[in-house]
Amino acid sequence: MNMRWLGLLLFVPQLSWAVGEANSAAQLDWATTFGSLIFVLAFILLLAWLLKRMRFPTMTNQKGLNIVRQLPVGTKERIVIVQAGEEQFLVGVTSQSIQLISKLETPLSEQELEPAPFANQLTQLLKKNAK
């Protein structure tokens, strides 16, 4: 009879260790699943933010109408030069309205329209911050 109790006492710690290991594995699976879900959601939000910031051209047909330049003047306000055919217009854009400021007498030339190289923009930004 003593051997039976001794065998049972030897088996109980092994059983509790196996149950503890199973609980630990289940918790690890839940943590991994939840962490993966958070990562995927954050990645989707990052891609949405990037697409919004990069301003990819729209898929609709907009022949004859083009945004030449835009200058942000606030968080949601900007001044935009719009080209319609051969004419260019200076337009103010806010979140609530779009207002025509004026028609440009002399449209911007092709040289003025070319964006500055990144190196020039970075140099100007560093000089601005150095002051």
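All figures in this text were calculated on a predicted structure; none of them were measured in a lab.

Let's talk about the overall build of the chain
Turning to step 1, where the next piece is worked out: In terms of regular secondary structure, the chain is built from three helices and four strands.
Turning to step 2, where the next piece is worked out: Beginning at the N terminus, the succession of helices and strands in the chain can be written as α-β-β-β-β-α-α.
Turning to step 3, where the next piece is worked out: Here the chain holds 131 residues, and 7% of them are scored as buried.
Turning to step 4, where the next piece is worked out: Taking the intrachain contacts of the chain between residues at least 6 apart in sequence as the baseline, contacts between residues at least 24 apart amount to 10%.
Turning to step 5, where the next piece is worked out: Surface accessibility of the chain: about 12100 Å² in total, with carbon and sulfur atoms responsible for 66%.

As for the UniProt feature "transmembrane region" (unreviewed entry) in the chain
Turning to step 1, where the next piece is worked out: Listed under "transmembrane region" (unreviewed entry) in the UniProt record, and renumbered for this structure, are residues 34-51.
Turning to step 2, where the next piece is worked out: With 100% helix and 0% strand, the stretch residues 34-51 has end C-alpha atoms that lie 26 Å from each other.

Description of the packing of aromatic side chains
The description of two aromatic rings rests on the distance between their centres and on the angle between their planes.
Turning to step 1, where the next piece is worked out: Under the defined criterion, the tally for this structure stands at one aromatic pair.
Turning to step 2, where the next piece is worked out: Centroid distance F39 to F43: 6.4 Å. Interplanar angle 15 degrees. Geometry classified as stacked. Highlighted residues: F39 and F43, both in helix α1 (residues 2-54), separated by four residues, approximately one helical turn.
Turning to step 3, where the next piece is worked out: Taking relative accessible area as the criterion, F39 reaches 59% and is therefore assigned exposed.
Turning to step 4, where the next piece is worked out: A residue is classified by how much of its surface remains accessible, and F43, at 43% relative accessible area, is partly exposed.

Observations regarding the pairing of strand β3 (residues 87-93)
Turning to step 1, where the next piece is worked out: Pairing of strand β2 (residues 78-84) with β3 involves seven bridges; the strand directions are antiparallel. The residue bridging I79 from the neighbouring strand is G92, located in β3.
Turning to step 2, where the next piece is worked out: Taken together, β2 and the strand that follows it, β3, pair antiparallel across an intervening segment of two residues, in which G85 is found at a positive phi of about 70 degrees.
Turning to step 3, where the next piece is worked out: Of the pairings in the sheet, the one linking β3 to strand β4 (residues 98-103) comprises five bridges and is antiparallel in character. Counted as the bridge partner of L90 is S102 from β4.

Parameters and conventions
Residues numbered from 1 in each chain as written. Predicted model: local features only at pLDDT ≥ 70, side-chain atom pairs only at ≥ 80, totals over all residues. Heavy atoms only, no water. Helix = DSSP H or I, 4+ residues; strand = E, 2+ residues; numbered from the N terminus. Buried < 20%, exposed > 50% of the residue type's maximum accessible area, 1.4 Å probe, protein only. Contact = heavy atoms within 4.5 Å. Areas by Shrake-Rupley, 256 points an atom, 1.4 Å probe, with all protein chains shown as cover. UniProt positions renumbered as here; feature names shortened; annotations may be inferred. Phe/Tyr/Trp six-rings, centres within 6.5 Å; stacked < 30°, edge-to-face > 60°. Pairing = 2+ DSSP bridges.

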